[in-house]
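So you can see what is in the structure, the chains are spelled out below.
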Amino acid sequence: MHWERPFLVEPWSIETNNVIHKQCVMHPDRFVGVAQLPQTREMLMEPCVAELERSVTQLGFVGALVNPDPGGDKTAPGMDDKAWFPLYQKAEQLDATLVVHPSISLDKRIEKIPHSYQYNNLTEETLATLLLENSDVFDRYPKLRVVVCHCGGAP
């Protein structure tokens, strides 16, 4: 729901994480929690940082999913941009892993492509990988752990 407005995304993310937590408590030998963050196209990091902290410290989660293009509209700053740094700093502080996984695309150019969702994953994950690889993010945050889904796209 990252493409929705913040007042909808924040409570949705909190409740989603509460449900994930319940499943982890019911089956601790099978599941660990990875949080949904209340990301939106507005790139408001304060709610994301707060939910990451709550999910790790109160719910026992090991990390969080991060959508490199939360609005699905190609307007988010690249994952090497300083807009992401508060999240990186908190993840490093909490020893939490960030899992890069895109969501929908509102790019009308790819709507006619079968499985455009997968194509969007490929392009967004590749871009995230290359931007992080060719930046100073890991110099700034040397203990930051990032997992890029689907083998990082196509680098």
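Preceding this section is the structure that the text describes.
As the structure is a computational prediction, the values presented were derived from the model and not from experiment. (Residues numbered from 1 in each chain as written. Predicted model: local features only at pLDDT ≥ 70, side-chain atom pairs only at ≥ 80, totals over all residues. Heavy atoms only, no water.)

1. Some words on the packing of helix 2 (residues 45-57) against helix 3 (residues 85-94)
Next, step 1: Where helix 2 contacts helix 3, the two axes come as close as 9 Å, and the packing angle between them is 15°. The angle between helix 2 and helix 3 places the two elements in the roughly parallel class. Crossing handedness for the pair helix 2 and helix 3: right-handed. Residues Met45, Cys48, Val49, Leu52, Glu53, Val56 and Thr57 of helix 2 pack against Pro86, Leu87, Lys90, Ala91 and Leu94 of helix 3.
Next, step 2: Among the residues forming the contact of helix 2 with helix 3, the class breakdown is nine nonpolar, one polar and two charged. (Axes fitted to C-alpha atoms, helices over the stretch in contact; angles between N-to-C directions. Helix = DSSP H or I, 4+ residues; strand = E, 2+ residues; numbered from the N terminus. Parallel < 35°, antiparallel > 145°, perpendicular 65-115°, else oblique. Left-handed = near helix turned anticlockwise from the far one by under 90°. Contact = heavy atoms within 4.5 Å. Nonpolar A, V, L, I, M, F, W, Y, C, P; charged D, E, K, R; others polar.)

2. Describing the pattern of salt bridges
Next, step 1: The final tally for this structure, using the stated rule, is seven salt bridges.
Next, step 2: Arg41 is the partner of Asp73 in a salt bridge, and the nearest nitrogen-oxygen pair spans 3.0 Å. Within this pair, whereas Asp73 is found in the loop between strand 2 (63-66) and helix 3, its partner Arg41 is found in the loop between strand 1 (34-35) and helix 2, the two being separated by 32 residues in sequence.
Next, step 3: Assessed through its relative accessible area of 33%, Arg41 is described here as partly exposed.
Next, step 4: For Arg145, the salt bridge identified is with Asp95, shortest N-O distance 2.6 Å. Taken together, the positions of Arg145 in strand 4 (residues 145-148) and Asp95 in the loop between helix 3 and strand 3 (97-100) put the pair 50 residues apart, joining distant regions of the chain. (Salt bridge = Lys/Arg side-chain N within 4 Å of Asp/Glu carboxyl O. Buried < 20%, exposed > 50% of the residue type's maximum accessible area, 1.4 Å probe, protein only.)

3. Quick notes on a nonpolar patch on the surface
Next, step 1: A surface patch of nonpolar side chains, about 240 Å² in accessible area, is lined by Ile113, Tyr119 and Leu122.
Next, step 2: Relative to the elements of secondary structure, Tyr119 occurs in helix 4 (residues 116-133). (Patch = residues over 30% accessible without salt bridge, like charges linked within 9 Å, V, L, I, M, F, W, Y side chains within 5 Å. Areas by Shrake-Rupley, 256 points an atom, 1.4 Å probe, with all protein chains shown as cover.)

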